[in-house]
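Coordinate inspection notes
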Amino acid sequence: MNRENQLIFGLWITALQLMTGTGAFKVQLQPKAIMRHMNESLELMCMVVGCPSKATFTWKTTSDISVSGTKEVNSTTWRKVYNHLTTEDEVTVICVVDCGEKRQDSTKIKVYSFPTDPVIFRKDNLTLACTVLRVYPVHHFQLVWLHGDTVLSESPVESAEEVKDISSVYTPNVEYLGKNITCRVTLDLYGVPEDRRVRSVTVQYGPSFVKVSSNTTVKLGERLELRCDTDENANITWWKIGSRKVTLLGRNKVLVIENATWSSAGEYECEASNELASRRSKGGVTLQGPPNIPKLRLSHAANPRAGDNVTITCNSDISILSGRLSISGGSLNVEGEKESSSVSINIPSVQLKDSGLYYCKAQNEFGSTKSNISISVLAPPGNSTVLVHPSSEVMEDQSITVHCRTVSFPAASITLTRKADGVEFRSPNGTFHLLNLKSGDKGTYVVNFTNELGYEVQTFELIVKERQTITPILTKTLVPAVSSMSLLTAAGLLIRHLRRAKKGSSEYNMSEAL
């Protein structure tokens, strides 16, 4: 029986009671014990029986406030209609009838608000919140978290006089991941129909499971596939877990890397989530293949100087697989070798002999790779030598060759200086040709070996003996011979001059240098 029929039935019962009474006039206000949901409509009917004259109806509240909006149905019945009940209508209404004397009847209006089901959402990483909107009266509501019939948490609701939203937060234990969680809201208020007292919502707290395909081994350059199995409607996020950062890779159930490189090896994590929670699973990837080209590094940013403490280091990704790393070359008699991702060679006092190419070789069962580094040791001139050929003691008009050698880097410039007068000779290769020496050329000669790091000096003594004069005997007969000799000497000097011009500044005619 709907409310309209109930009201009509109540009015007929009241009328019957009044008509079968003692004849004194009576007032009846219907319905009684009113409980209505906010925004619903309500019709109050005030009836009078046994009034011999025309009755006068007055409507008011217990606060003696007049109630407007009443309407006469007939001479014995008046009504009041509420189209949209609010909390302001929650009063006791009195119908006063004047029929020579005054009599009255009253009814109390109560309203409640429970319009929607609760909603569960994620508040933060693991905490859930349950909210129900626009409820009244607040202190009659109770929020309970459940898993099945098991009560997980109960939340008291603070009292309030107005219509408001109420919420409860709950952080389930990890054991409830993937299981159903219920938020039940109960309105414990007399007069509310049973079917409108309880509302609830049940959700799955995160995916029920998540699993990454077991550890995968793939060869360098091959296609790599990783699968994340989870609930059908779960959202997927793939992460690559590095030593210093976590990298987002994709959002599909299958993660594909077309060309696997050494950086593809390591640990991967799949996060499966729904709107309430997430679960994670990890899997590893192992790469097979020859090592990447190793990297050689010198402890010095620039070329080292002789005597420096030098370390040559080689690094490789060899540690991903069992393998060996070695350094060789240069002045090393023994290779530096190690089953590690890094190997070093130390030269405590590097020398010029240590200059050269050094190699690093990384190898494993799948192959090997190699790299090199060139080291040039800087050193001032040293171990310098000066050789005079044929001798440092010669006769006038003879010639000598001075051979000067030194050990240095960068290459030294070599100068030869006659100490007596400071005459300086230069040579691009350290070889000096001194021609037609005279007695005035004798003395001390200084050889200076110089580069940007320093210098070294060597000296030698040159002795030039004068030739003895022979008195001519057969002048006439010797003249042609002397003339012939003069021609030969001139020819020799011409050839020697041409040779000097060809060889450059390292050949000096001492008779011209005087």
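Report on the accompanying structure. (Residues numbered from 1 in each chain as written. Predicted model: local features only at pLDDT ≥ 70, side-chain atom pairs only at ≥ 80, totals over all residues. Heavy atoms only, no water.)

**Description of the sheet that holds strand β10 (residues 128–135)**
- Reading across the sheet, the three strands line up as β9-β10-β13 and stay open at both edges, with antiparallel pairing between neighbours. Each end of this open sheet is capped by a strand with a single partner; those strands are β9 (119–122) and β13 (164–170). Here the average twist between neighbouring strands, direction ignored, is 25°.
- Sheet topology places β10 next to β13; six bridges connect them, and they run antiparallel. Across the sheet, Leu-128 pairs through a bridge with Tyr-170, a residue of β13. (Pairing = 2+ DSSP bridges. Helix = DSSP H or I, 4+ residues; strand = E, 2+ residues; numbered from the N terminus. Axes fitted to C-alpha atoms, helices over the stretch in contact; angles between N-to-C directions.)

**Observations regarding the pattern of salt bridges**
- Using the criterion set out here, one finds 18 salt bridges in the structure.
- Between Glu-40 and Arg-196 there is a salt bridge whose closest N-O contact spans 3.0 Å. Residue Glu-40 is located in the loop between β2 (34–37) and β3 (42–49), and its partner Arg-196 is located in the loop between β14 (180–187) and β15 (198–204); the two are separated by 156 residues in the primary sequence.
- With its nearest N and O atoms 3.6 Å apart, the salt bridge here joins Lys-54 to Glu-72. Taken together, the residues Lys-54 in the loop between β3 and β4 (56–61) and Glu-72 in strand β5 (residues 70–74) connect sequence positions 18 residues apart.
- On the basis of relative accessibility, which here comes to 61%, the residue Lys-54 falls in the exposed class.
- We classify Glu-72 as partly exposed; its relative accessible area is 35%.
- One continuous salt-bridge network, built from bridges that share partners, spans Arg-223, Glu-225 and Glu-258. (Salt bridge = Lys/Arg side-chain N within 4 Å of Asp/Glu carboxyl O. Buried < 20%, exposed > 50% of the residue type's maximum accessible area, 1.4 Å probe, protein only.)

**Topic: the pairing of strand β33 (residues 400–409)**
- Here strand β31 (residues 379–389) pairs with β33 via seven bridges, running antiparallel. Among the inter-strand pairings, Leu-387 is bridged to a residue of β33, identified as His-403.

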